[in-house]
Amino acid sequence: MATRRILGIETSCDETSAAVLRLEDGRPILDSLVILSQDVHRIFGGVVPELASREHLRTIGPVVDRALAEAGIGATQLDGIAVTAGPGLVGALLVGLMYGKGLAYGLGRPLIGIHHHEGHLFAPTLEDPRLAPPFVALLVSGGHTLLLDVEAWGRYRLLGQTQDDAAGEAFDKVGTLLGLSYPAGAAIERLAATGTPGRFTFPRPMLKQGWHFSFSGLKTAVLRAVRASDDLERDRADIARDFQDAAIDVLVEKTARATLELGRDTAVLAGGVACNRALAQALSARLGSAARVATASPRLNTDNAAMIAAAGAWRLGLGERSEFTLEPFDSGPLPGLLRD
Ligand code: KG4
Ligand code: ZN
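Treat the numbers as computed from the prediction; the structure is a model and nothing was measured.

A. Here's a closer look at the overall build of the protein. Each helix and strand counted, the protein has ten helices and eleven strands in total. What you see for the protein is a C-alpha radius of gyration of 20 Å, in line with the 20 Å of a compact globule of 340 residues. Seen through its principal axes, the protein has C-alpha atoms that stretch 65 × 45 × 35 Å. Put simply, of all contacts in the protein between residues at least 6 apart along the chain, 73% involve residues at least 24 apart. Within the structure as shown, the protein displays about 14,100 Å² of accessible surface, and the carbon and sulfur contribution to it stands at 52%. Considering the protein, the positive charge centre built from 34 side chains and the negative charge centre built from 39 side chains are found 2 Å apart.

B. Expanded view of the site of ligand 1. Around ligand 1, a shell composed of 21 residues is seen, among which G142, D172, G185, E189 and N276 lie nearest. Between an oxygen atom of ligand 1 and a main-chain N or O atom of G143, the distance comes to 3.4 Å. Residue G272 places a main-chain N or O atom 3.0 Å away from an oxygen atom belonging to ligand 1. Out of a free accessible area of 550 Å², ligand 1 has 88% covered by protein chains.

C. The arrangement of the domain arrangement of the protein in detail. Taken as a whole, the protein is organised into domain 1 (4-123 + 301-338) and domain 2 (134-295). Once you take the C-alpha centre of each, domain 1 and domain 2 turn out to be 27 Å apart. Domain 1 puts 20 residues into the contact, and the matching count from domain 2 is 22 residues. When domain 1 packs against domain 2, close to 1,800 Å² is buried across both sides, 67% of that on carbon and sulfur atoms. The interface formed by domain 1 and domain 2 includes zero salt bridges. Put simply, domain 1 and domain 2 have eight residue pairs in polar contact (both at pLDDT 80 or more) between them. Of all elements in the fold, only α3 (116-122), α10 (305-317) and β11 (337-338) reach the threshold of two or more residues within the side of domain 1 that touches domain 2. When residues of the side of domain 1 that touches domain 2 are assigned to their parent elements, the largest contribution, five residues, is made by α3. Within the side of domain 1 that touches domain 2, the residues separate by chemical class into nine nonpolar, seven polar and four charged.

D. Quick peek at the sheet that holds strand β10 (residues 292-295). In spatial order, the strands read β10-β9-β6-β7-β8-β11; together these six strands make up an open sheet with mixed pairing. Pairing within the sheet leaves two strands with one partner each, and these edge strands are β10 and β11. As judged from the six bridges shared by strand β7 (residues 145-152) and strand β8 (residues 155-161), these two strands associate in the antiparallel manner. Following the sheet pairing, V150 is matched in β8 by Y156.

E. Quick look at the coordination of the zinc ion (ligand 2). Here the zinc ion (ligand 2) is held by the protein donor atoms H116 (NE2), H120 (NE2) and D303 (OD), which lie 2.0 to 2.1 Å from it. With four donor atoms in place around the zinc ion (ligand 2) and angles of 93 to 149° between them, the coordination shape is irregular.

The rules behind these values
- Residues numbered from 1 in each chain as written.
- Chains lettered and ligands numbered in written order.
- Predicted model: local features only at pLDDT ≥ 70, side-chain atom pairs only at ≥ 80, totals over all residues.
- Heavy atoms only, no water.
- Helix = DSSP H or I, 4+ residues; strand = E, 2+ residues; numbered from the N terminus.
- Rg over C-alpha atoms; globule rule 2.2 N^0.38 Å.
- Contact = heavy atoms within 4.5 Å.
- Areas by Shrake-Rupley, 256 points an atom, 1.4 Å probe, with all protein chains shown as cover.
- Lys, Arg positive; Asp, Glu negative; His and termini not counted.
- Charge placed at Lys NZ, Arg CZ, Asp CG, Glu CD.
- Near = heavy atom within 4 Å.
- Polar contact = N/O pair within 3.5 Å; in protein donor to acceptor, adjacent residues only side chain to side chain.
- Domains from an automatic or database assignment.
- Buried area = accessible area lost by both parts, 1.4 Å probe.
- Salt bridge = Lys/Arg side-chain N within 4 Å of Asp/Glu carboxyl O.
- Nonpolar A, V, L, I, M, F, W, Y, C, P; charged D, E, K, R; others polar.
- Pairing = 2+ DSSP bridges.
- Donors = N, O, S within 2.8 Å, 3.2 Å for Na, K, Ca; no water.
- Tetrahedral: all angles 85-135°; square planar, octahedral: opposite > 155°, others 65-115°.

And the structure:
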């Protein structure tokens, strides 16, 4: 039986993460996953790039060591190293990339740089190994909102993306308006669950038009409602509820329409906002028996190294290798992005 072990490293934003993924005849088994979330940013209400780099530098060694120890192996038992090369904060990415390069070079093992979004797309395969393209994917995170048709692994057709704020960014900014600490997505979901719907009428930008998204108008409408409230303590949960309902309506409408029009039998929700249970439930309800909704558990939907190892295992399996001259990048298209 062929066993291969891939180390994944992720440092694109404010999580320092390492994972060991074991492949038994191609079947993925997650032997370890360590995620260290940087608390330092909370007091600033957003990620401070310079502080993120310093924290990664301080913790990358222990995080990788811990992932190896939990997997019960030494570094020499690794068959390859997959590391996020971008998009993200360049100074933060650099830490993981340099560490991965050093390990790969020292061990004489192949290195593969992974696009962070491709990692998110692979996350659900860790718990659902049968999941395979073609499928429609909604990738919703703090930095991105992408609607993709995944024709095959490595063949990604971009259908739509946000024209302004990302979905997660809208949750986080509304969270700030409601006095919640950063990142606020999960707290908004909890607050919304206690709210009464329908008291506030928020816009559903570009609901029926095309595939693109826009969230800044919705955010501004929430800002107006917060300013107009004479008792925010009373209104908070209802505002959270109506904001979340509006955001979900738009995300669900476009994802469902794409899935049905393209005749795909699966819609994948990926990225941090995919942790939102109300989103997954609304998409399932809208698709009915026409398609199923696949999404990973929250620990694998937010930034983590297991998803990077999964994408890396696939690319290394194809014989792909990155050069040691590989540089981090702050933005850039998915590899294999198809343009019409
Ligand atoms: O994918 P991710 O961990 O990092 C990026 O690559 O950006 O996504 C983080 C984002 C944050 O904006 C956070 O507020 C949001 O995901 N998020 C949620 C929920 N959990 C995390 N948004 C809505 N509902 C949630 N339950
Ligand atoms: Zn992410």
